[in-house]
Amino acid sequence: MAGGKLQDRLQDEDGDVRVGVDRFPERQPIGATAADDLGRDYVEPPPAPLFEAAELSSWSFYRAGIAEFVATFLFLYVSVLTVMGVSKSPSKCGTVGIQGIAWAFGGMIFALVYCTAGVSGGHINPAVTFGLLLARKLSLTRAAYYVVMQCLGAVCGAGVVKAFGSALYESAGGGANAVSPGYTKGDGLGAEVVGTFVLVYTVFSATDAKRSARDSHVPVLAPLPIGLAVFLVHLATIPITGTGINPARSLGAAIIYDRPHGWHGHWIFWVGPFAGAALAALYHQVVIRAIPFKASARY
């Protein structure tokens, strides 16, 4: 009994002792003031409908698709052209190397997400679109439209790179993704799943409206962590698969290159990213946000 009373008193004195994450309200962060709490109430928006007919008559819907097309076009143009430059160099000292390729991919995503986030959300990747669709952040209509425009943009971007130098493009493999020698298809699939999970989870975290509302003392420039995630994943997985984590990027390069090498194991670069995106959506929505378990939409 004495031990129980002592424990109760210690719990009363120590406000940080909790039983369950949702039992007590969150403490103020260090340095926060009462004024910081004003306006932090957050209401979870309703899930997007699977089909929204009104979108089809809105110019903003088509403008968003055009933005996805242009962004994916520029992404493939710069990134694949960088790959061609590395392949052309006779020595490692005369080229940007793997690090430079990773920076090209990550840097372009940073710039393009920054430019297009206010127009289309800055997906530039069917896997990102798929993850957000599963989380009901956009309609099935918009998701399908985005994927089509992303793939078309990727094909055109890779096509322009080939037009600059067909011989070099062919000899360098056209920037097409494939599992590298020494690795199995299972290795490649795993690399694509985990790499895409990192990317899509970062997208969810960096664009979380609840986080922005409740943790406004921590400013987040969403394109920066997303671009860094792409950069780091490329550093890790270029030696394994050339790094897909973007089905449109893989498809565009494969179509323009149009050789068996580009199509061998191509399914990996669709199944892997989509599976990784689905896992990231599940983890963020169910584990991190616990949305299905909330009795109320107000936090």
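The protein chain goes by Aquaporin PIP1-6 in an unreviewed UniProt entry, where it is assigned to Dichanthelium oligosanthes. Here the protein chain is described in UniProt, under the heading Sequence similarities (unreviewed entry), as follows: "Belongs to the MIP/aquaporin (TC 1.A.8) family. PIP (TC 1.A.8.11) subfamily."

K.L.:
Please explain the confidence of the model for the protein chain as it appears in this structure.
P.N.:
One rule of thumb: low pLDDT means the predicted coordinates there are not for detailed reading. Looking at the protein chain as a whole, its pLDDT mean stands at 82, while 76% of the residues score no less than 70. Between residues 13-39, whose pLDDT stays under 50, and residues either more than four places distant or in other chains, the model counts 15 contacts. Across residues 293-299, confidence stays below pLDDT 50; counting only partners more than four residues off in sequence or on other chains, it has 17 contacts.

K.L.:
Which parts of the structure should I look at to understand the UniProt feature "transmembrane region" (unreviewed entry) in the protein chain?
P.N.:
According to UniProt, the positions carrying the feature "transmembrane region" (unreviewed entry) are residues 66-86, 98-122, 143-169, 189-206, 218-240 and 267-288. Taken as a whole, residues 66-86 contains 100% helix and 0% strand, while its terminal C-alpha atoms sit 30 Å from one another. Between the C-alpha atoms that bound residues 143-169 the distance is 32 Å, and the span itself is 96% helix and 0% strand.

K.L.:
I keep staring at the packing of aromatic side chains and nothing clicks. Help me out?
P.N.:
Two aromatic rings are characterised by how far apart their centres lie and by the angle between their planes. As enumerated under the stated definition, the model contains 12 aromatic pairs in all. Ring geometry for Phe75 against Phe105: centres 5.5 Å apart, planes inclined by 80 degrees, an arrangement best described as edge-to-face. With Phe75 in helix H2 (residues 59-88) and Phe105 in helix H3 (residues 97-116), this pair connects stretches of sequence that are 30 residues apart. Across the pair, Phe105 and Phe75 agree in class, each one buried. A ring pair is formed by Trp270 and Phe274, whose centres lie 5.9 Å apart and whose planes are at 50 degrees; its orientation type is tilted. Here Trp270 and its partner Phe274 are both found in helix H12 (residues 268-288), 4 residues apart, which amounts to about one turn of the helix. By relative accessible area, Trp270 is classed as partly exposed at 25%. Owing to a relative accessible area of 23%, Phe274 belongs among the partly exposed residues under this scheme. Each member of the aromatic cluster is reached from another via a ring pair, and the members are Phe61, Tyr62 and Tyr145.

K.L.:
Would you mind showing me how to read a nonpolar patch on the surface here?
P.N.:
Where nonpolar side chains cluster on the molecular surface, the patch consists of Leu50, Phe51, Leu56, Trp59, Tyr62, Ile66, Val70, Leu74 and Leu140 and spans about 850 Å² of accessible area. Top contributing element to the nonpolar patch by residue count: H2, with 5 residues. By secondary structure assignment, the location of Leu140 is in helix H5 (residues 140-164). You can call Leu140 partly exposed: its relative accessible area is 44%.

K.L.:
It is not clear to me how the packing of helix H7 (residues 185-206) against H12 should be interpreted in this structure. Could you clarify?
P.N.:
The angle between the axes and the distance between the axes are what describe a pair of packed helices. Interaxial distance between H7 and H12 falls to 7 Å at its minimum, and their mutual angle equals 40 degrees. With respect to H12, the element H7 is oriented oblique. As H7 packs across H12, the resulting crossing turns out to be right-handed. Counted by class, the contact of H7 with H12 contains 17 nonpolar, 7 polar and 2 charged residues.

K.L.:
Would you mind showing me how to read helix H10 (residues 247-257) here?
P.N.:
Since the α-helix advances by 3.6 residues per turn, residues separated by three or four positions end up pointing in the same direction. Counting buried positions along H10 gives 10 out of 11 residues, so the element sits mostly inside the fold. Looking at H10, one finds that the buried residues are Pro247, Ala248, Arg249, Ser250, Leu251, Gly252, Ala253, Ala254, Ile256 and Tyr257. At the N-terminal end of H10, a side-chain oxygen is found 3.1 Å from the backbone nitrogen of Ala248, two or three residues along, and the residue is Asn246. Two residues or fewer past H10, Asp258 is found with a positive phi of approximately 50 degrees.

K.L.:
When you look at the pattern of salt bridges in this model, what are you seeing that I'm missing?
P.N.:
Once the charged atoms of two side chains with opposite charge are near each other, the side chains can pair. Going through the model one piece at a time under the given rule, you end up with 3 salt bridges. As a salt-bridge pair, Arg142 and Glu55 come within 2.9 Å of each other at their nearest N and O atoms. On the criterion of sequence distance, the pair formed by Arg142 in helix H5 and Glu55 in the loop between helix H1 (2-13) and H2 is long-range, its members being 87 residues apart. The class for Arg142 is buried, based on a relative accessible area of 15%. Residue classification places Glu55 among the buried positions, given a relative accessible area of 10%.

Parameters at a glance
Residues numbered from 1 in each chain as written. Predicted model: local features only at pLDDT ≥ 70, side-chain atom pairs only at ≥ 80, totals over all residues. Heavy atoms only, no water. UniProt positions renumbered as here; feature names shortened; annotations may be inferred. pLDDT = per-residue confidence, 0-100. Contact = heavy atoms within 4.5 Å. Helix = DSSP H or I, 4+ residues; strand = E, 2+ residues; numbered from the N terminus. Phe/Tyr/Trp six-rings, centres within 6.5 Å; stacked < 30°, edge-to-face > 60°. Buried < 20%, exposed > 50% of the residue type's maximum accessible area, 1.4 Å probe, protein only. Patch = residues over 30% accessible without salt bridge, like charges linked within 9 Å, V, L, I, M, F, W, Y side chains within 5 Å. Areas by Shrake-Rupley, 256 points an atom, 1.4 Å probe, with all protein chains shown as cover. Salt bridge = Lys/Arg side-chain N within 4 Å of Asp/Glu carboxyl O. Axes fitted to C-alpha atoms, helices over the stretch in contact; angles between N-to-C directions. Parallel < 35°, antiparallel > 145°, perpendicular 65-115°, else oblique. Left-handed = near helix turned anticlockwise from the far one by under 90°. Nonpolar A, V, L, I, M, F, W, Y, C, P; charged D, E, K, R; others polar. Polar contact = N/O pair within 3.5 Å; in protein donor to acceptor, adjacent residues only side chain to side chain.

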